[in-house]
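Chain by chain, the residues run as shown.
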Amino acid sequence: MYSVFDSVTVDKTFVKNIFSTVYIFTKNDPKKIVNYIENTINRGVTYWEAVGGYKENKTFIVYSALSKYESFLLQQNIKDIDPYAFVVSNDGVNIILSI
């Protein structure tokens, strides 16, 4: 019983400490996505306007560094926030702060 509890605890702690970066691409106003990341996940976010290469349509890119667990939450809820957005995630990213 102890080994099951221990492995579940270690696994959940480990997953929360693995960082990933997410890029969310949307043609809609990115404010709903930004608000979800800032207010629900409590992480910082950057977004900018871009132009698609094929049709040259306006699009928005939303970027954030999240734990793997937070990235999972975002991916589960993104369709409710913006059904046409898609997420590109990079796991195992090192985050270096220079203060």
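Calculation criteria
- Residues numbered from 1 in each chain as written.
- Predicted model: local features only at pLDDT ≥ 70, side-chain atom pairs only at ≥ 80, totals over all residues.
- Heavy atoms only, no water.
- Salt bridge = Lys/Arg side-chain N within 4 Å of Asp/Glu carboxyl O.
- Helix = DSSP H or I, 4+ residues; strand = E, 2+ residues; numbered from the N terminus.
- Buried < 20%, exposed > 50% of the residue type's maximum accessible area, 1.4 Å probe, protein only.
- Phe/Tyr/Trp six-rings, centres within 6.5 Å; stacked < 30°, edge-to-face > 60°.
- Axes fitted to C-alpha atoms, helices over the stretch in contact; angles between N-to-C directions.
- Parallel < 35°, antiparallel > 145°, perpendicular 65-115°, else oblique.
- Left-handed = near helix turned anticlockwise from the far one by under 90°.
- Contact = heavy atoms within 4.5 Å.
- Nonpolar A, V, L, I, M, F, W, Y, C, P; charged D, E, K, R; others polar.
- Pairing = 2+ DSSP bridges.

Q: Provide a residue-level description of the pattern of salt bridges, including the pertinent values.
A: By the definition in use, this model includes 1 salt bridge. Among the salt bridges present, the one from Glu 70 reaches Arg 43, with a minimum N-O distance of 2.9 Å. Of the two residues, Glu 70 sits in helix α3 (residues 68-81) while Arg 43 sits in the loop between α2 (31-41) and β2 (46-51), which places them 27 residues apart along the sequence. Residue classification places Arg 43 among the partly exposed residues on the basis of a relative accessible area of 27%.

Q: If you had to explain the packing of aromatic side chains to someone new, which residues and values would you point to?
A: Across all of its chains, the model carries 2 aromatic pairs by this definition. With a centroid separation of 4.9 Å and an interplanar angle of 50 degrees, the aromatic rings of Tyr 23 and Tyr 63 are classed as tilted. Here the residue Tyr 23 occupies a position in strand β1 (residues 19-26), and Tyr 63 occupies one in strand β3 (residues 58-67), the gap between them amounting to 40 residues. For Tyr 23, a relative accessible area of 28% corresponds to the partly exposed category. On the accessibility criterion, Tyr 63 (26% relative accessible area) is partly exposed. Pairing Phe 25 with Phe 86 gives two aromatic rings, centres 5.0 Å apart and planes at 15 degrees, and the pair type is stacked. You can see Phe 25 sitting in strand β1 and its partner Phe 86 sitting in strand β4 (residues 86-91), a full 61 residues away along the chain. Taking the relative accessible area as the measure of exposure, Phe 25 reaches 24% and is therefore partly exposed. You can call Phe 86 partly exposed: its relative accessible area is 48%.

Q: Outline the packing of α2 against α3, supporting the account with residue identities and numerical values.
A: Their axes nearest at 11 Å, the elements α2 and α3 cross at an angle of 140 degrees. Comparing the axis directions of α2 and α3 gives the class oblique. Seen from above, α2 lies across α3 with right-handed handedness. Residues Lys 32, Ile 33, Tyr 36, Ile 37 and Ile 41 of α2 form the contact with α3, whose participating residues are Glu 70, Leu 73, Leu 74, Asn 77, Ile 78 and Ile 81. Residues of the contact of α2 with α3, tallied by class, amount to 8 nonpolar, 1 polar and 2 charged.

Q: Describe in detail the pairing of β2, supporting the description with residues and values.
A: Consecutive residues of a regular strand have side chains that alternate between opposite faces of the sheet. By the bridge criterion, 6 bridges tie β2 to β3 in an arrangement that is antiparallel. Paired with Trp 48 across the strands is Ile 61, a residue of β3.

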